[in-house]
Amino acid sequence: MLDLEHDWVWDFWLADDGDRYHAFFLQASRALADPDLRHHNATVGHAVSDDLVHWAVRDDVLHPGGTGDFDDLAIWTGSIVRTGSSGWRMFYTGLSRRDGSAVQRIGSAVSEDLDHWQRVPALGLHEADPRHYRRRATSSWLEEAWRDPFVLCEEAGLWHAYVTARAGTGAGLGVVGHATSPDLDHWTAGPPLSAPTGRFEWLEVISLVCVEDRWVLIFSCLSDQMPGAGSGSGGVWSVRVAGPGTQVDVGAAVRLTTEDLYVGKVVRDRAGTWQLLAFRNRDEAGRFVGGVIDPIPVRWNRQWTGLELVGGPDQWRPC
């Protein structure tokens, strides 16, 4: 399990250099006492593993920027892609003190070794585009969602960014935000790849992966962000899609885990088995836990509508 004695660990993202897996994760000091305070005190840690089980912690890679920067309060979730034979690009979420953390923005950094990172601009991806997405926080909704970027490249060479976003008015406004780029520097935001369903206020930490030659989109949402849902009915979700940049039927999403886990990532291990990693969201008493679990095998369900766990504790598998 990837966990730290003195810091909470929660949202994470992965990179594979061919020899080792690299986990980048949000962390905040347990000295804060209240785990809800971690969100405005988050930095990015780094650990490496050969097997997704045993992790060696390295130096931190990102801290908040300087005064006045878009990320001068805290760093939130992102993703990493390989650029060429030796380069890497990270896209991440930043919170600013100047707007009281209400507006989420996306930044970018580059690295040659996954240990040392330098911030660079990502033009056109930085803020939510008001032509397609709800922009400003209001008294009824106190944040402007444009976070958790997940970036991947399709076979034709076009880059896609999937973003946690909101659109429209009313309840259940969560949508799959989308932007494209030919070069990772210049981005064009398009309309959402999904429509608001009334089911989810947000789709957090979206990822897209091709499992057994079928594409699946994975996201997370808890029941307190699902209008009208019963307590404990959220968790990690998955839904089959046609491929990068295609429409997402969010209403067809099926639960992959209970709310005991959150921020699921599906990755193939060195033996070729598809595994789920996630962080422990809560214990039996409903208290926040944190820390990334050891991998659990996953497979497509019988209906081919989403993924299901193969093994793992019973309390992590939805009924």
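Note: the structure precedes this text.
So, here's what we can say about the structure.

What counts as what
Residues numbered from 1 in each chain as written. Predicted model: local features only at pLDDT ≥ 70, side-chain atom pairs only at ≥ 80, totals over all residues. Heavy atoms only, no water. Patch = residues over 30% accessible without salt bridge, like charges linked within 9 Å, V, L, I, M, F, W, Y side chains within 5 Å. Areas by Shrake-Rupley, 256 points an atom, 1.4 Å probe, with all protein chains shown as cover. Salt bridge = Lys/Arg side-chain N within 4 Å of Asp/Glu carboxyl O. Lys, Arg positive; Asp, Glu negative; His and termini not counted. Charge placed at Lys NZ, Arg CZ, Asp CG, Glu CD. Helix = DSSP H or I, 4+ residues; strand = E, 2+ residues; numbered from the N terminus. Buried < 20%, exposed > 50% of the residue type's maximum accessible area, 1.4 Å probe, protein only. 1 Å grid on protein atoms, 1.4 Å probe; cavity = no way out; pocket = protein on both sides within 12 Å on 5 of 7 lines; lining within 4 Å. Points joined across faces, edges and corners; volume = space filled by probe spheres on them. Pairing = 2+ DSSP bridges. Axes fitted to C-alpha atoms, helices over the stretch in contact; angles between N-to-C directions. Core = buried A, V, L, I, M, F, W, Y, C linked by side-chain atoms within 4.5 Å. Contact = heavy atoms within 4.5 Å.

1. Considerations on a negative patch on the surface
Stage number 1. Judged by side-chain charge, D19, D50, D51 and D294 come together as a negatively charged surface patch.
Stage number 2. Relative to the helices and strands, D294 is located in the loop between β18 (274–280) and β19 (296–300).
Stage number 3. On the accessibility criterion, D294 (36% relative accessible area) is partly exposed.

2. Observations concerning the pattern of salt bridges
Stage number 1. Enumeration according to the criterion identifies 17 salt bridges in this entry.
Stage number 2. One salt bridge in this structure joins D3 and R30, with 3.4 Å as the shortest N-O distance. On the criterion of sequence distance, the pair formed by D3 in the segment before β1 (7–16) and R30 in the loop between β2 (21–29) and β3 (43–49) is long-range, its members being 27 residues apart.
Stage number 3. On the basis of relative accessibility, which here comes to 32%, the residue D3 falls in the partly exposed class.

3. Describing the layout of surface pockets
Stage number 1. The volume enclosed by the largest pocket comes to roughly 740 Å³.
Stage number 2. Taken together, 24 residues line the largest pocket, and the ones lying closest to its centre are L14, F150, L208, V209 and V266.
Stage number 3. Sorting the residues of the lining of the largest pocket by element identifies β1, β5 (74–83), β9 (146–153), β13 (204–211) and β17 (261–268) as the ones contributing at least two each.
Stage number 4. In this structure, the second largest pocket occupies an estimated 630 Å³ of space.
Stage number 5. Lining the second largest pocket are 28 residues, and of these R38, H39, W202, E204 and L222 lie nearest its centre.
Stage number 6. Every element with two or more residues in the lining of the second largest pocket is listed here: β1, β5, β9 and β13.

4. Overview of the sheet that holds strand β4 (residues 56–62)
Stage number 1. Taken together, the four strands give an open sheet; going across it, the order is β1-β2-β3-β4, and neighbouring strands pair in antiparallel fashion. Each of the sheet's edge strands pairs with one partner strand only, and the pair in question is β1 and β4. Looking at each pair of strands side by side, their axes are set apart by 30° on average, direction ignored.
Stage number 2. Across four bridges, the pairing between β3 and β4 is antiparallel. Bridge pairing in β4 links H46 to R58.

5. Some thoughts on the nonpolar core
Stage number 1. Counting residues in hydrophobic clusters, the biggest one holds 64 residues, and the most contacted among them are F24, L217 and F219.
Stage number 2. Take this core: its biggest share by element is seven residues, from β1.
Stage number 3. Among all residues touching F219, those that are not within four sequence positions of it are F200, L203, E204, V205, I206, G235, V236, W237, V250 and A253.
Stage number 4. The next biggest cluster of nonpolar side chains, apart from the first, holds 19 residues, and it includes V81, V151, L184 and A189.

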